[in-house]
Amino acid sequence: MSLTDAMTIAKPKSAPKPAFDFDTKPSLIGLTREEMAAALKEKGVSDKQVKMRVSQLWNWLYVRGVSDFDAMTNVAKDMREMLKEHFTIARPEIVEEQISNDGTRKWLLRFPPRGAGRPVEIETVYIPEEGRGTLCISSQVGCTLTCSFCHTGTQRLVRNLTAEEILAQLLLARDRLGDFPDRDTPLGAMVPAEGRKVSNIVMMGMGEPLYNFESVKTALLIATDGDGLSLSRRRVTLSTSGVVPEIFRTGDEIGVMLAISLHAVRDDLRDILVPINKKYPLKELIDACRAYPGLSNARRITFEYVMLKDVNDSLEDAKGLVQLLKGVPAKINLIPFNPWPGTNYQCSDWEHIEKFADFINAAGYASPIRTPRGRDILAACGQLKSESERMRKTERLAFEAMMIANHGADD
C-alpha cells in the first residue's frame, strides 16, 4: 500500500481563500496591543477611540477567531471599510491537509513573500490524545542547525517566520478543528472529549525558536494572553537545541515550559549529533537549565533523547545521562529514531530502549518512550518540508517533528 493510500490528503473546499493576497497590506495578527494602537492611529483612529478599538479587535481576533472584518458585527461599517482597505486578518493558504488514521493532522501552509523573496511553505502538525490536543508549530522556514540525525538539517534557512505567521498556525488549526465559539468540529475528527481541541502547543516544528526569539516571544505572549487565546503557560513548551544565551530570557520574558534536544551526554558525541554543542557545550547548557526561571518539580525541563543504535544507547550513556542531570528537575523523553531516506543512523532495538528507560526510571527520572504517531503521513523527527522540494506537488508528504505529544501540563 502506498503512503497516499494510507492517509487522507485534501485541499479542503471549506478552507478560506489564500489568506494573504500577496499585496503590501500589513496584518493585525501578531501585533502587540501597543503596535495595534499605533497602526490604528496612523490610519486616523482618534486617541479617544483607539483603546476601545484595540479591545474590540483583540476580542474578535483571539476570542471569536474571525478572519474577515465583515464578521465584526459591533464595529461600525465605516471602521470596517477602513480596516479592509489598510489591513488583513486572513489565514494562510492551505496547500494540503493530511489526516492520519490515528487522528494526527498535518497542514502544509503557504505564506506570502517578504521583501524580494518568494512565497514559502511550512507544516503544522496536530496530535490528539486523551485529555489534550497538542499542536506543533514552526518558527523558521528551514534551519541553520545541521543536526546529523535530523532531516531538516539537510536544508538551508530560508527566513524567520514573523509573529503573525507563528500565530497563524494556531489560529488556522483552531479554525479547522472547530475550536472557536460557534464553530463545528469536523465530522469524525479525533479530538479531546472535553475542553479545548488545541490545549497544548509545542515550538518543535521547523527551525530553532531561539534563533527567532523576538517573533517567538511576541507570538507566545499573545497566545497566552488571558484576554484572548488564553493558553496556560504551563501548556506551552519551547524546544531548543541549546542556544544558551536565550534560555534564561525564555523563562524570564515568556515564562513557558522548556524542552532541550539533548541526544548525547558527552561533548565529543553531541558535537556530531547537535553541532551547536561546539558553541555551547554541555556544561554551559546544563548550567543554563539549572538557572531556568521557575524551575521546580512542578515545572520540570523535558530533555529529548533520540535513541540511535550503537551510538548513544549504551548503559554507560544511561549512567552518564543520570549523572549529567543530577539535581535538575527533569523528565526524559526517549524517542525511537524514525529513519529517513539517506540517513546512516538506525533506531535502537526496542528491548534496548526499554532497558535504557528502566535504568533512568530506577534513578528517579520519568522517562516515557514516546509512541510513534502519524507515521502513515511521515510525522517524523526532522522529516520537514525539505523533502517536498524534490517531490511532485501531488506527492507532498509530511515532514514535522515526531512525537510532539505529552508536553506541558494537563491542568
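This structure is a prediction, so every number in the text was calculated from the model and none was measured.

> Describe in detail the overall build of the chain, supporting the description with residues and values.
On a plain count of helices and strands, the chain comes out with ten helices and twelve strands. Expressed as a percentage of its 411 residues, the buried residues of the chain come to 59%. The long-range fraction of contacts in the chain, counting pairs at least 24 apart against all pairs at least 6 apart in sequence, stands at 68%. Carbon together with sulfur atoms contributes 50% to the accessible area of the chain, which is approximately 17,200 Å² in total.

> An account of the pairing of strand S12 (residues 330-336) is needed here, citing residue identities and associated values.
For S12, the buried fraction is high: seven of the seven residues fall into the buried class. Here strand S11 (residues 301-307) pairs with S12 via seven bridges, running parallel. Paired with Phe 303 across the strands is Ile 332, a residue of S12. A crossover connection joins S11 to the parallel S12 through helix H9 (residues 315-324); in handedness this β-α-β unit is right-handed.

> For the nonpolar core, give the residues involved together with the corresponding values.
Nonpolar side chains in soluble globular proteins generally cluster together in the buried interior. In this structure, Leu 28, Ile 201 and Phe 303 are the most contacted members of the largest nonpolar core, which totals 103 residues. If you tally residues by element for this core, the top one is helix H4 (residues 163-177), at nine residues. Not counting residues within four places of it along the chain, the set of residues in contact with Leu 28 comprises Met 36, Leu 57, Leu 61, Tyr 62, Phe 69, Leu 83, Phe 87, Thr 88 and Ile 89. With five residues, the next largest nonpolar core counts Val 125, Cys 136, Val 202 and Met 204 among its residues.

> Any chance you could break down unusual backbone geometry for me, citing the residues and the numbers?
Of note in the backbone geometry, His 263 takes a positive phi value of approximately 70° without being a glycine. Owing to a relative accessible area of 5%, His 263 belongs among the buried residues under this scheme. Backbone geometry places Asp 310, a non-glycine residue, at a positive phi of 60°.

> Let's hear about helix H3 (residues 77-86): which residues, and what values?
Listed as buried for H3 are Met 79, Arg 80, Met 82 and Leu 83. Angularly, the buried residues of H3 cover 160° about the axis, an arc narrow enough to put them on a single face. Turned more than 90 degrees from where H3 packs its buried face, Lys 77, Asp 78 and Glu 85 sit exposed. In the core, the buried residues of H3 are packed alongside helix H1 (33-42) and helix H2 (47-62).

Procedures and definitions
- Residues numbered from 1 in each chain as written.
- Predicted model: local features only at pLDDT ≥ 70, side-chain atom pairs only at ≥ 80, totals over all residues.
- Heavy atoms only, no water.
- Helix = DSSP H or I, 4+ residues; strand = E, 2+ residues; numbered from the N terminus.
- Buried < 20%, exposed > 50% of the residue type's maximum accessible area, 1.4 Å probe, protein only.
- Contact = heavy atoms within 4.5 Å.
- Areas by Shrake-Rupley, 256 points an atom, 1.4 Å probe, with all protein chains shown as cover.
- Pairing = 2+ DSSP bridges.
- Right-handed = clockwise from strand over helix to strand, strands pointing away.
- Core = buried A, V, L, I, M, F, W, Y, C linked by side-chain atoms within 4.5 Å.
- Arc of directions from axis to C-beta.

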